[in-house]
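# Examination of the molecular architecture
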Amino acid sequence: MSSFQIIVGSMLGGTEYVAEAVEEVLNEFGHQTKLHFQPNFSEIEKKDQTWIFCTSTHGAGDFPENIQNFIHDLKGCDQNFNDHPFAVIAVGDSSYDTFCLAGKTLENIMLDKGATKIIDLFTIDMISVDDPEEAASLWIRSNIDHL
């Protein structure tokens, strides 16, 4: 089975629940997981790991405070991310013109670093989705063969 680092960007805690729902499904399928609610770039395993990002967008398209240092370190690192698998779940509110911008930006950062997107960006619109955890669970289940 595979190993996953689930990296969370959350201001109010809702995205943490989404990440826990993803972790639950992955564990159900026998995968190893580790959640990072206060992600520290230097402490997150990179070799033979798939990174799954779960992040909301704050303010004018900004990353939540808890993941800002991670993003800064990721952007500034010289590490080779060629073929490093990743996926992004972005949580947002479509009434804002910056809907899920942090997740979209994060996906582009990883692609610019040479990482491999294994599943297309998944957005959860808090206006139209009653249960974001269930939406994330269904999405991960429907893509489990790609992981």
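Up top you'll find the structure we're talking about.
Keep in mind it's a predicted model, so treat the numbers as computed, not measured. Starting afresh in each chain, residues are numbered from 1 along the sequence in its written order. The predicted nature of this model means local features are confined to residues of pLDDT at least 70 and side-chain atom pairs, given and counted, to a pLDDT of 80 or more, with totals for whole chains, interfaces and linings taken over all residues. Excluding hydrogens and water, the side-chain figures rest on all heavy atoms present in the structure.

### Some details on the nonpolar core
- To form a nonpolar core, buried Ala, Val, Leu, Ile, Met, Phe, Trp, Tyr and Cys residues must be joined to one another through side-chain atoms within 4.5 Å. Summary of the burial criterion: residues with accessible area below 20% of their type's maximum are buried, those above 50% are exposed, and those between are partly exposed, where the area comes from a 1.4 Å probe applied to protein chains only. I6, V22, L26 and I89 are the most contacted members of the largest nonpolar core, which has 23 residues in total.
- Helix and strand labels come from DSSP, where a helix needs a run of H or I of at least four residues and a strand needs a run of E of at least two; each type is numbered from the N terminus. Elements represented by at least two residues in this core include exactly β1 (3-9), α1 (14-28), β3 (50-56), β4 (85-92), β6 (122-125) and α4 (132-142).
- Examining the composition of this core, we find that five residues originate from one element, α1, more than from any other.
- Excluding its chain neighbours within four sequence positions, the residues that come into contact with I89 are V18, V22, F53, C54, T55, F122, I124, A136 and W139. The contact rule is simple, with two residues in contact once any of their heavy atoms fall within 4.5 Å.

### Overview of the pairing of β4
- Counting buried residues in β4 gives seven out of eight residues, a clear majority hidden from the surface.
- As judged from the six bridges shared by β3 and β4, these two strands associate in the parallel manner. Paired with F53 across the bridge in β4 is V88.
- The handedness of the β4 to strand β5 (residues 116-117) crossover, carried by helix α3 (residues 101-112), is right-handed.
- In short, DSSP must find at least two bridges between two strands for them to pair. Sheet analysis places β4 next to β6, joined by four bridges and oriented parallel. Following the sheet pairing, G92 is matched in β6 by D125. Every crossover in which the path from the first strand over the helix to the second runs clockwise, viewed with the strands pointing away from the viewer, is termed right-handed.

### Some words on the packing of aromatic side chains
- Any Phe, Tyr or Trp ring, taking Trp's six-membered ring, that has another such ring centre within 6.5 Å forms a pair; planes under 30 degrees apart are called stacked, those over 60 apart edge-to-face, and the others tilted. Tallied over the full model, the rule gives eight aromatic pairs.
- Between W51 and F53 the ring centres are 5.9 Å apart and the planes differ by 90°, which places this aromatic pair in the edge-to-face class. Both residues of the pair, W51 and F53, belong to the buried class.
- Both rings, one in F122 and one in W139, keep their centres 5.0 Å apart while their planes meet at 10°; by these two values the pair is stacked. You can see F122 sitting in strand β6 and its partner W139 sitting in helix α4, a full 17 residues away along the chain.

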